Amino acid sequence: MSSRHRPFSPDPSQVALKPDISGNTINGLGETAPRRPRIVYWAQDPDTIAHGGMQRWFYEVDPNNPHLARAREERAKQLASPICDVSGEPVDRTPEQWNTAFAEFAEGGQFDMWGVARMDPSWVYEGQEVLQDYIIMLGFGHDYDQIATAPEATAGAEVVRQYGRAAAAAKSVSGWLRGQGWDAEPLTGPMTSKVMMIPPAIASGFGELGKHGSLINAEFGASFRLSAVLTNAPFLPTPPRAFQVESFCVNCRICENACPPEAISPLKQIVRGVEKWYVDFDRCLPFFNQTHGCAICISVCPWSRPGIGLNLAEKLARRTTRHDESGSHELT
Ligand code: SF4
Ligand code: SF4
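Basis of the calculations
Residues numbered from 1 in each chain as written. Chains lettered and ligands numbered in written order. Predicted model: local features only at pLDDT ≥ 70, side-chain atom pairs only at ≥ 80, totals over all residues. Helix = DSSP H or I, 4+ residues; strand = E, 2+ residues; numbered from the N terminus. Rg over C-alpha atoms; globule rule 2.2 N^0.38 Å. Buried ≥ 20, exposed ≤ 12 C-beta atoms within 10 Å, placed from the backbone. Contact = placed C-beta atoms within 7 Å. Near = placed C-beta within 6 Å. Nonpolar A, V, L, I, M, F, W, Y, C, P; charged D, E, K, R; others polar. Pairing = 2+ DSSP bridges. pLDDT = per-residue confidence, 0-100. Axes fitted to C-alpha atoms, helices over the stretch in contact; angles between N-to-C directions. Expected span 1.5 Å × (residues − 1).

### Things to note about the overall build of the protein chain
- When its secondary structure is counted, the protein chain shows 13 helices and eight strands.
- Taking 2.2 N^0.38 as the reference for a compact globule, 332 residues should give roughly 20 Å; the C-alpha atoms of the protein chain span a radius of gyration of 20 Å, in line with that estimate.
- Referenced to the eigenvectors of the C-alpha coordinate spread, the extents of the protein chain come out at roughly 60 × 60 × 40 Å.
- Taken over 332 residues, the protein chain has a buried fraction of 39%.
- Pairs at least 24 apart in sequence give 77% of the contacts found in the protein chain among residues at least 6 apart.

### Focus on the site of ligand 2
- The full set close to ligand 2 counts 13 residues, and Cys-259, Cys-284, Cys-294, Ile-296 and Cys-297 are the nearest of them.
- Elements represented by at least two residues in the shell around ligand 2 include exactly α11 (281-290) and α12 (296-300).
- Looking at the shell around ligand 2 element by element, the count peaks at three residues for α11.
- Each residue belonging to the shell around ligand 2 can be placed in one class, and the counts come to 12 nonpolar, one polar and no charged.

### Describing the pairing of strand β1 (residues 113-118)
- Within β1, five of the six residues are buried, leaving the element largely enclosed by the surrounding structure.
- Bridge count for β1 against strand β2 (residues 134-141) is six bridges, and the pairing is antiparallel. Along β2, the bridge assignment pairs Gly-115 with Met-137.

### Overview of the confidence of the model for the protein chain
- Taken over all residues, the pLDDT of the protein chain has a mean of 95, while the share at 70 or more is 97%.
- Predicted confidence for residues 327-332 stays below pLDDT 50, and this span has zero contacts to residues more than four positions away or in other chains.

### Side note on the sheet that holds strand β3 (residues 184-188)
- Read across the open sheet, the four strands follow the order β1-β2-β6-β3; overall the sheet is antiparallel. Looking at which strands have only one partner, the edges of the open sheet turn out to be β1 and β3. The average undirected angle you get between the axes of adjacent strands in this sheet is 20 degrees.

### Notes on the site of ligand 1
- The environment of ligand 1 is formed by Gly-210, Lys-211, His-212, Phe-248, Cys-249, Cys-252, Ile-254, Cys-255, Cys-301, Pro-302 and Trp-303.
- Only α9 (245-251) and α10 (254-258) provide two or more residues apiece to the shell around ligand 1.

### Section: the environment of Arg-35
- When you line up the elements, Arg-35 lands in the loop between α2 (23-27) and α3 (52-58).
- Between the C-alpha atoms of Arg-35 and Arg-322, which are 287 residues apart in sequence, the distance is 40 Å.
- Ignoring anything within four residues of it in the chain, the contact list for Arg-35 reads Gly-28 and Arg-272.

### Some thoughts on helix α7 (residues 153-178)
- Taking 1.5 Å per residue as the helical rise, α7 with its 26 residues ought to reach 38 Å, and the 37 Å between its terminal C-alpha atoms agrees with that figure.
- Within α7, 22 of the 26 residues are buried, which leaves the element mostly enclosed by the surrounding structure.

### Structural notes on unusual backbone geometry
- At the junction of Arg-6 and Pro-7, the peptide bond is cis and its omega measures out at -5 degrees in the coordinates.
- Within the secondary structure layout, Pro-7 lies in the segment before α1 (12-15).
- In this structure, the amide linkage connecting Ala-150 to the following residue, Pro-151, adopts the cis form with an omega of 10 degrees.
- Structurally, the position occupied by Pro-151 is in the loop between α6 (144-147) and α7.
- You will see that Asp-62, though not glycine, has its phi angle at about 50 degrees, which is positive.
- Within the fold, Asp-62 resides in the loop between α3 and α4 (66-80).

So this is what it looks like as structure tokens:
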């Protein structure tokens, strides 16, 4: 079934801000050689990117909407709050002990998921530098009832609310590490402007990339946000997890059909030397901007519906086991 928001006509005042360069070109769509990513959107200083005018325009859409205004005010408070300095001798723990101590800290409920990856320079935006060896990823589940109202402002406000939680938690984790003598740097979305968030999240077990360009896991589907903390404290990297999202997306067309500007491609594409699901930036952005961050693709994804993801993952795992036990064609 196709989207009730089609056909979509972008607001002319937004169209007037469209730069000459395509966001897909900045992202490296069709480039066969690997290279580091370039910041295409959500720059801390919009004047430093081609789509900066459109980024500013995003905040001009219904700015006094009470849901959005309240969530933005709360997030701004979190962003402005200070973090303590590094103090004392660095606490000495083995990597396993760091993970155990952090798992205890996580019980405080400031975040819903966590994982750790060893930093990979290919995740760092061009012109930026990361000196720390580890990235701690934090995840924050949306309230599904709110995100299901997409593309209304209530869904956009829920996204901002989770980014507020994400900022508070990344700062709190940084403070926890600094209080134990280890420097730590919070990276809070969406304007992280230093490191791509999805690749380290995949590496540390947050899930797999879905056709809609967002991560998917069994617990939260695609309905969550991320923040991160960079540190040299020697954590034990947590392994990637696969839920068979890949094969599921090949046969599912729900987000493709639901996306008003038809930005979601049925086929994988080459981006900076890697074949992957890719959302057309130039098609998505005007609708995204005009609807406070859209989120339709996240909300309609079957994995995101409460109670569905875990069952789906179990069913797909059982199917694979049956297939494996029945023998593979390669062996005959
Ligand atoms: S809606 Fe379907 S195709 Fe799109 S990401 Fe979710 S599972 Fe994959
Ligand atoms: S966020 Fe972008 S890709 Fe997703 S449904 Fe909206 S317009 Fe389409």
